[in-house]
Amino acid sequence: MSISWQTPTSVLSSHQKSNKIEISIGKAYSLELHNKSSVQFAVRPQEPGGRISYAGLVSFNVRQVGTYRIITNGRPWIDIVQKGKIIDAKAHQHGENCQGAEKILDYALSPGDYDMEVASSGKKKIKLFIIPVL
Amino acid sequence: MNYKLHQYVASVFFLALFTSYPSLAQHFSTPPSSTSNKQLKTEEQLGRLLFYDADLSRDGSMSCATCHRQKYAFTDGNKTHPGVNNDHGVFNVPTLSNVGAFKKLMWVDEPVHSLEEQALVPMTGITPVEMGMHHREKEIEKRIANNSCYIKLFNKAFPNLVGNKIALQTITQAIASFERTLTSVQSHWDIKDHYTNEMQKGESIFFGKGSCATCHTPPFFTDQELHQINGQMGKAYRTPTLRNVELTSPYFHDGSKATINEAILGHETKYTSVPKLSQHDVYYLEKFLDSLTDMNFVTSPDYALPDKTCN
């Protein structure tokens, strides 16, 4: 994994869809989340998480069609949303022994803008990385 | 069809099924006679909210539904599921299809005799840690008791209980009551709808030369007993139900078989009554197993994440 994963850029996630926080593909982030009760989701997460959990929203843009891998060092629930619809992951794996990458999700995405809803996180801060899968 | 009418039709249909398969109804346990229907409904409604509530886990990240997802017939599509500590799970998540009818609930023999007892295993168990509430039992009760919506529901569900109504015992009782509603008896095989010739050929093999029904005994396609079915397993594990098996991959106690085909071929003649089967036989068996999928079960709003959480 690149050095970027070890030195992530700090980002505060958004509380609501209207306040977009953009992240880039190929760059690692330390994403700060909010108390779940303060987050307004555009689409209800499939796993909303408990009242004591953390949540937040970010957006990203895909320029090329392909498979994109989302890696986190926590086990939050992640829903990728486009035009109000949740896109299911095409694969998921447990990445425990890979430099703290605990959860790995693959999505088939075409060019466009996407919202990422992070929910049900036990951690207030998570590392997050989106990379294209060759 | 509006929702209420749909529910009515579904319930009439369900009753009709029980009438045609009288042996099916007797498998489901009934509530104590002191519990009124209204109370039981409230208990089930409460149990559903708790089943989907991640505040039952240490860090609010896991509910029962995190591993038991409706669209996978209440399994999760993983070999095993890590807990809140990110420890590896030990066993593949079993389906909850008709779990209220089962007397034996674990992959191996353990002193767990009811759904109420079983609910404590993921919540407070330590081998492995799943929801991480070992020694935090009072914290569970405190979190639930801090919620006015839950207080109302517990009062309605347990009106005659003297003392603290929000206790681990009533929490697990409500979850178990919801789990008993998870009935799956409307598969293609049950209702003979879209029941193709290939499925029928597979049924003949399943109940005939394949000897599959010896252990995967209808109506729930399990004898609930322990069997070692190949040399790799090393010991015997509980026969899983085959209801909705198409949706519950991967298979076996450790999730080591990715497909139904691999799972069928994982039954060795040396250890089971299953003879050497041809590729055609296995193909038809797979078709028959697909016929045990109950789409109503995996799409019913009655079992889904409630529209609103209890707040």
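Reading the values: rules and limits
- Residues numbered from 1 in each chain as written.
- Chains lettered and ligands numbered in written order.
- Predicted model: local features only at pLDDT ≥ 70, side-chain atom pairs only at ≥ 80, totals over all residues.
- Pairing = 2+ DSSP bridges.
- Helix = DSSP H or I, 4+ residues; strand = E, 2+ residues; numbered from the N terminus.
- Core = buried A, V, L, I, M, F, W, Y, C linked by C-beta atoms within 7 Å.
- Buried ≥ 20, exposed ≤ 12 C-beta atoms within 10 Å, placed from the backbone.
- Domains from an automatic or database assignment.
- pLDDT = per-residue confidence, 0-100.
- Contact = placed C-beta atoms within 7 Å.
- Axes fitted to C-alpha atoms, helices over the stretch in contact; angles between N-to-C directions.
- Left-handed = near helix turned anticlockwise from the far one by under 90°.
- Nonpolar A, V, L, I, M, F, W, Y, C, P; charged D, E, K, R; others polar.
- Arc of directions from axis to C-beta.

### Here's the deal with the pairing of strand β5 (residues 66-72) of chain A
Each regular strand carries side chains that alternate between the two faces of the sheet. Residues and elements named next belong to chain A. Sheet topology places β5 next to strand β9 (residues 103-109); seven bridges connect them, and they run antiparallel. If you follow isoleucine 71 over to β9, its bridge partner there is isoleucine 104. Note: β5 against strand β11 (residues 125-133), six bridges, orientation antiparallel. In the strand pairing of β11, threonine 72 is matched with leucine 128.

### Topic: the nonpolar core
Counting residues in each nonpolar core, the largest one holds 61 residues, and the members touching the most others are B:Leu50 and B:Ile175. Sorting elements by how many residues they give to this core places helix α8 (residues 168-180) of chain B first, with five residues. Two domains share this core, each providing at least three of its residues, namely domain 1 (15-183) and domain 2 (187-293) of chain B. With 27 residues, the next largest nonpolar core counts A:Trp5, A:Tyr54, A:Ile126 and A:Leu128 among its residues.

### Let's talk about the confidence of the model for chain B
Low-pLDDT stretches of the model should not have their predicted coordinates read in fine detail. The predicted model of chain B has a mean per-residue pLDDT of 90, with 89% of residues at 70 or higher. On the interface metric, ipTM, the complex scores 0.91, and its pTM is 0.90.

### Considering the environment of B:Trp189
Residues and elements named next belong to chain B. Within the element layout of this structure, tryptophan 189 appears in helix α9 (residues 188-191). Classification of tryptophan 189 as buried rests on a count of 25 C-beta atoms within 10 Å. Between the alpha carbons of tryptophan 189 and tyrosine 52 there is a distance of 30 Å; along the sequence they are 137 residues apart. If we ignore the near neighbours within four places in the chain, the residues touching tryptophan 189 are Tyr195, Ser291 and Leu292.

### Here we look at the packing of helix α3 (residues 37-51) of chain B against helix α7 (residues 148-157) of chain B
Residues and elements named next belong to chain B. Closest axis-to-axis distance for the α3/α7 pair is 8 Å, and the angle between their directions is 145 degrees. The chirality of how α3 crosses α7 is left-handed. Two secondary-structure elements touch here, α3 through Gln39, Thr42, Glu43 and Leu46 and α7 through Leu153, Phe154, Lys156 and Ala157. Along the lines of polarity and charge, the residues of the contact of α3 with α7 split into four nonpolar, two polar and two charged.

### Here's the deal with the environment of B:Cys310
Residues and elements named next belong to chain B. Tracing the backbone shows cysteine 310 in the segment after α13 (295-299). In sequence terms cysteine 310 and threonine 170 are 140 residues apart; their C-alpha atoms lie 16 Å from each other. The residues touching cysteine 310, leaving out its near neighbours within four places in the chain, are Leu49, Asn147, Cys149, Tyr150 and Leu153.

### A short note on the domain arrangement of chain B
All names here are of chain B. Assigned domains within chain B: domain 1 (15-183) and domain 2 (187-293). At the interface, 25 residues of domain 1 touch 19 residues of domain 2. Residues of the side of domain 1 that touches domain 2, tallied by class, amount to twelve nonpolar, nine polar and four charged.

### A few points about helix α10 (residues 197-207) of chain B
Residue and element names in this part refer to chain B. Met199, Gly202, Glu203, Ile205 and Phe206 are the residues of α10 that are buried. All buried residues of α10 project into a common sector of 165 degrees when viewed along the axis, lining one side. Turning to α10, the residues buried within the fold contact α9 and α12 (279-290).

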